[in-house]
Amino acid sequence: MAFETKTLLIFPLLLLAACYMQEFVYGKSQVPCLFIFGDSLSDSGNNNNLRTLSKVNYKPYGIDFPKGPTGRFSNGLTSIDILAQLLGFEDFIPPFANTMGSNILKGVNYASGSAGIRNETGKHLGADIDLGLQLQNHKTIIARISNMLGGVQQASRYLNQCLYYVNIGSNDYINNYFLPQFYSSSRVYNPTQYAQDLIDRLSQSIMTLHNAGARKMMLVGIGPIGCTPNAIATHGSCIQEPNAAALIFSSKLKSLVNRLNMKFTGSKFIFRDSTTDYYTSLKSFRVTNAACCRLVLNSLCALNQTPCGNRNEYMFWDGFHPTSAANKLTALRSYNSTNLDFVYPMNVQQLIQS
Ligand SMILES: *[C@@H]1O[C@H](CO)[C@@H](O)[C@H](O)[C@H]1NC(C)=O
Ligand SMILES: *[C@@H]1O[C@H](CO)[C@@H](O)[C@H](O)[C@H]1NC(C)=O
């Protein structure tokens, strides 16, 4: 009887182990797992149940997404959705807010609209999951993965193989530094000091991720935030000050990537230049200075209004966020561009093969 109980217990465990092994052997994705940290450019529904103005689980968002509105800040896929597809993931990486029924071994998306590197960023819009909280959520997921794989060491070996994507910082400018009526940061720091503060904090978060097993990481710079339809609608043309501030941040981030690659020889870090991305993509769209959908306060799409029909001709979907067509170009270049002005010092394909 005792023997029988044991066999019964062991058998399902073996079966479970065999299932996971199959994923390793037969899984189609080029990297077994993808963890996503960031803001509305990557959010896939984490804000839907938060008290915030920064959520978009309503039409016309998602008009080109199979399931309609999901909380993605675009008409269709985000650039990290498309990058995941290029990497061979068959399903979308599940948002942390809803991992029910999902295989968290393939990764989790922690990104949250209006979130920043600094924890006060974006809070005038309501709640968000700032980078610090996203890292805490990752800790929770790692504990679950350790349980699934049978220990911390097994989990650590597994987590070493994943790709980690960090695209955050725009809101620390758009929804903090350049809103002096709500935030004091521009009175405390000049743009160089502020960028350094953000990089110091981001660098600590990257250390935390590294300590939690991350070895292949993609860090994304900030694009020309003074050229969004929102900025152009209020100013008539691109606003130079935010663009200049974003450039300082991005150039410091690129230097950080250099330092990290020298310091951690067993790890690889890459940098994506969102400014080069923007200027390269400009040539591919007929409309680059206005949103495709009807806007409220020059920001998010108005509820239930019919957007432009020729969405592939628009670079921007709403006042801040690119169309799925623009995201596709960004994702493709990240994946296999050999232009070092775009992905440095290598592209995602090379990162995961190295
Ligand atoms: C925000 O971050 C600061 C440190 O920079 C910390 O002292 C404070 O407790 C944090 N606030 C919240 C609400 O997490
Ligand atoms: C990049 O990848 C895409 C998608 O797999 C492919 O169509 C394209 O030819 C590749 N480009 C280069 C330069 O390898």
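Residues numbered from 1 in each chain as written. Chains lettered and ligands numbered in written order. Predicted model: local features only at pLDDT ≥ 70, side-chain atom pairs only at ≥ 80, totals over all residues. Heavy atoms only, no water.

## Some points on the overall build of the protein chain
A tally of regular secondary structure across the protein chain gives 12 helices and nine strands. The C-alpha atoms of the protein chain give 21 Å as radius of gyration, which agrees with the globular expectation for 354 residues (20 Å, within 12%). With the principal axes as the frame, the protein chain shows a C-alpha extent of 80 × 45 × 40 Å. In the protein chain, which comprises 354 residues, the share counted as buried stands at 54%. Of the contacts made within the protein chain by residues no fewer than 6 positions apart, 71% connect residues no fewer than 24 positions apart. Counting every atom, the protein chain has about 16300 Å² of accessible surface; 56% of that belongs to carbon and sulfur. A distance of 3 Å separates the average location of the 29 positive side-chain charges in the protein chain from that of its 20 negative side-chain charges. (Helix = DSSP H or I, 4+ residues; strand = E, 2+ residues; numbered from the N terminus. Rg over C-alpha atoms; globule rule 2.2 N^0.38 Å. Buried < 20%, exposed > 50% of the residue type's maximum accessible area, 1.4 Å probe, protein only. Contact = heavy atoms within 4.5 Å. Areas by Shrake-Rupley, 256 points an atom, 1.4 Å probe, with all protein chains shown as cover. Lys, Arg positive; Asp, Glu negative; His and termini not counted. Charge placed at Lys NZ, Arg CZ, Asp CG, Glu CD.)

## Thoughts on the packing of helix α7 (residues 191-211) against helix α9 (residues 240-263)
Running from N to C, α7 and α9 cross one another at 35°; their axes reach a closest spacing of 9 Å. Pair α7 / α9 crosses with right-handed handedness. Contact residues: Pro-191, Thr-192, Ala-195, Gln-196, Leu-198, Ile-199, Leu-202, Ser-203, Ile-206 and Met-207 in α7; Ile-248, Phe-249, Lys-252, Leu-253, Leu-256 and Leu-260 in α9. (Axes fitted to C-alpha atoms, helices over the stretch in contact; angles between N-to-C directions. Left-handed = near helix turned anticlockwise from the far one by under 90°.)

## As for the packing of aromatic side chains
Where two aromatic rings form a pair, the distance of their centres and the angle of their planes describe that pair. Counted by the stated rule, this structure contains 17 aromatic pairs. Taking the centre distance of 5.5 Å and the plane angle of 20° together, the rings of Phe-35 and Tyr-164 count as stacked. Note that Phe-35 is positioned in strand β1 (residues 34-38) and Tyr-164 in strand β2 (residues 163-167), a separation of 129 residues in sequence. In this structure Phe-35 comes out as buried when scored by relative accessible area, which is 0%. For Tyr-164, a relative accessible area of 0% translates into the label buried. Both rings, one in Tyr-278 and one in Tyr-279, keep their centres 4.9 Å apart while their planes meet at 85°; by these two values the pair is edge-to-face. (Phe/Tyr/Trp six-rings, centres within 6.5 Å; stacked < 30°, edge-to-face > 60°.)

## Describing the nonpolar core
Counting 44 residues, the largest nonpolar core has Phe-35, Phe-37, Tyr-164, Tyr-173, Leu-202 and Phe-249 as the members making the most contacts within it. Contacts of Phe-35, omitting those with residues within four sequence positions, involve Ile-104, Gly-107, Val-108, Tyr-110, His-138, Ile-141, Ile-145, Leu-159, Cys-162, Leu-163, Tyr-164 and Tyr-165. Leu-77, Leu-83, Leu-87 and Leu-163 belong to the second largest nonpolar core, which has 25 residues in total. (Core = buried A, V, L, I, M, F, W, Y, C linked by side-chain atoms within 4.5 Å.)

## With respect to unusual backbone geometry
Along the chain, Lys-59 connects to Pro-60 via a cis peptide bond; the corresponding omega equals 10°. Backbone torsion omega between Tyr-344 and Pro-345 reads -5°, so that peptide bond is classified as cis. Relative to the assigned elements, Pro-345 resides in the loop between β9 (343-344) and α12 (348-353). Of note in the backbone geometry, Ser-114 takes a positive phi value of approximately 75° without being a glycine. A positive phi angle, close to 60°, is found at Asn-304, a residue other than glycine. Examined against the element boundaries, Asn-304 turns out to sit in the loop between β7 (300-301) and β8 (314-316).

## Quick word on the site of ligand 2
As a structural note, the neighbourhood of ligand 2 is formed by Leu-86, Leu-332, Tyr-335 and Asn-336. The contact in question runs from an oxygen atom of ligand 2 to an N or O atom on the side chain of Asn-336, over 2.3 Å. It is helix α11 (residues 324-336) that contributes the most residues to the shell around ligand 2, three residues altogether. Of the residues contributing to the shell around ligand 2, the split by class is three nonpolar, one polar and no charged. (Near = heavy atom within 4 Å. Polar contact = N/O pair within 3.5 Å; in protein donor to acceptor, adjacent residues only side chain to side chain. Nonpolar A, V, L, I, M, F, W, Y, C, P; charged D, E, K, R; others polar.)

## Observations regarding the state of the cysteines
One pass over the full model with this rule turns up four disulfides. With its sulfur 2.2 Å from that of its partner, Cys-227 forms a disulfide with Cys-238. Its torsion about the S-S bond being 125°, the disulfide of Cys-227 and Cys-238 is classed as right-handed. Taken together, the residues span a long stretch of sequence, with Cys-227 in the loop between β3 (216-220) and α8 (229-235) and Cys-238 in the loop between α8 and α9 at a distance of 11 residues. Here Cys-293 pairs with Cys-301 through a disulfide, and the sulfurs are 2.0 Å apart. Note on the Cys-293 and Cys-301 pair: the S-S dihedral is about -90°, so by sign convention the disulfide is left-handed. (Disulfide = S-S within 2.5 Å.)

## Brief notes about the sheet that holds strand β4 (residues 268-272)
Strand order in the open sheet formed by five strands is β1-β2-β3-β4-β9, and the pairing between neighbours is mixed. Of all the strands in the sheet, the pair left with one neighbour each is β1 and β9. Where β2 meets β3, four bridges bridge the pair, whose relative direction is parallel. Bridge assignment links Leu-163 to a residue of β3, and that residue is Lys-216. On the sheet, α9 packs against β3, β4 and β9 and is oriented at approximately 165° with respect to β4. (Pairing = 2+ DSSP bridges.)

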